[in-house]
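Structure at a glance
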Amino acid sequence: MTAPRWPKPTAADHAQASAEQVREQPCPRCGAPTLTARTPDRVCAVDVRANPTPLDPTAEILARLAGRLTWCLTGGANIPARIRWRDRWHIAAGACTHTVIADHHCQPHYVQESLG
Ligand SMILES: [Zn+2]
Ligand SMILES: [Zn+2]
């Protein structure tokens, strides 16, 4: 008889954890520095590419008016960084002390102009 064992983490679990890890990677389209990660939401995980620049409340409003999504950058000294969905209830609660970042949209001025 074999003793029952706890299931070991599968390769898929490791892949999931590493997908959630926040990485600094240049945007493949415009080369700007960006942060990429999958949100740790099991129900509807989203792959995020965000600008690394933290936003103050005014900058966040401007970003949202411009049609960009904003995210909470969570984690700390001993906690791995994660990018989390930032819904309006989370914002309205006023208890959020996370760093706020916005979706990366390629900026036109990064594109080389060729006017001859
Ligand atoms: Zn937050
Ligand atoms: Zn870009």
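Residues numbered from 1 in each chain as written. Chains lettered and ligands numbered in written order. Predicted model: local features only at pLDDT ≥ 70, side-chain atom pairs only at ≥ 80, totals over all residues.

**Brief notes about the sheet that holds strand β4 (residues 70-74)**
- The strand order across the open sheet built from three strands is β5-β4-β6, with neighbouring strands paired in antiparallel fashion. The open sheet is flanked by β5 (82-85) and β6 (99-102), the only strands paired with a single partner. Each strand axis lies, on average, 40 degrees off the axis of its neighbour in the sheet, ignoring direction.
- As paired elements, β4 and β6 share four bridges and run antiparallel to each other. Counterpart to Cys 72 in the pairing with β6 is Val 100. (Pairing = 2+ DSSP bridges. Helix = DSSP H or I, 4+ residues; strand = E, 2+ residues; numbered from the N terminus. Axes fitted to C-alpha atoms, helices over the stretch in contact; angles between N-to-C directions.)

**A look at the pairing of strand β1 (residues 23-26)**
- Pairing of β1 with strand β2 (residues 33-38) involves four bridges; the strand directions are antiparallel. What sits directly across from Gln 25, in β2, is Thr 34.
- Between β1 and β2, which pair antiparallel one after the other, the connecting turn spans six residues, and Gly 31 there sits at a positive phi close to 80 degrees.

**Examining the environment of Thr 74**
- Looking at where Thr 74 falls in the secondary structure, it is placed in strand β4.
- With 25 residues separating them in the primary sequence, Thr 74 and Thr 99 have C-alpha atoms 6.9 Å apart.
- Apart from the residues within four sequence positions on either side, Thr 74 is in contact with Ala 81, Arg 82, Arg 84 and His 98. (Contact = placed C-beta atoms within 7 Å.)

**Let's talk about the environment of His 105**
- In this structure, His 105 sits in the segment after β6.
- Sequence-wise, His 105 and Cys 30 are 75 residues apart; in three dimensions their C-alpha atoms are separated by 9.4 Å.

**Focus on the environment of Pro 57**
- Relative to the elements of secondary structure, Pro 57 occurs in helix α2 (residues 57-65).
- With 43 residues separating them along the chain, Pro 57 and Val 100 place their C-alpha atoms 8.6 Å apart.

**What about the nonpolar core?**
- In this structure, Val 22, Leu 35, Ala 37, Val 48, Ala 50, Trp 71, Cys 72, Ile 83, Val 100, Ile 101 and Ala 102 together form the largest nonpolar core, which totals eleven residues.
- For this core, the secondary structure elements donating two or more residues are β2, β3 (47-50), β4 and β6.
- Per-element accounting of this core gives the leading share, three residues, to β6.
- Contacts of Val 100, omitting those with residues within four sequence positions, involve Pro 54, Leu 55, Glu 60, Thr 70 and Cys 72. (Core = buried A, V, L, I, M, F, W, Y, C linked by C-beta atoms within 7 Å. Buried ≥ 20, exposed ≤ 12 C-beta atoms within 10 Å, placed from the backbone.)

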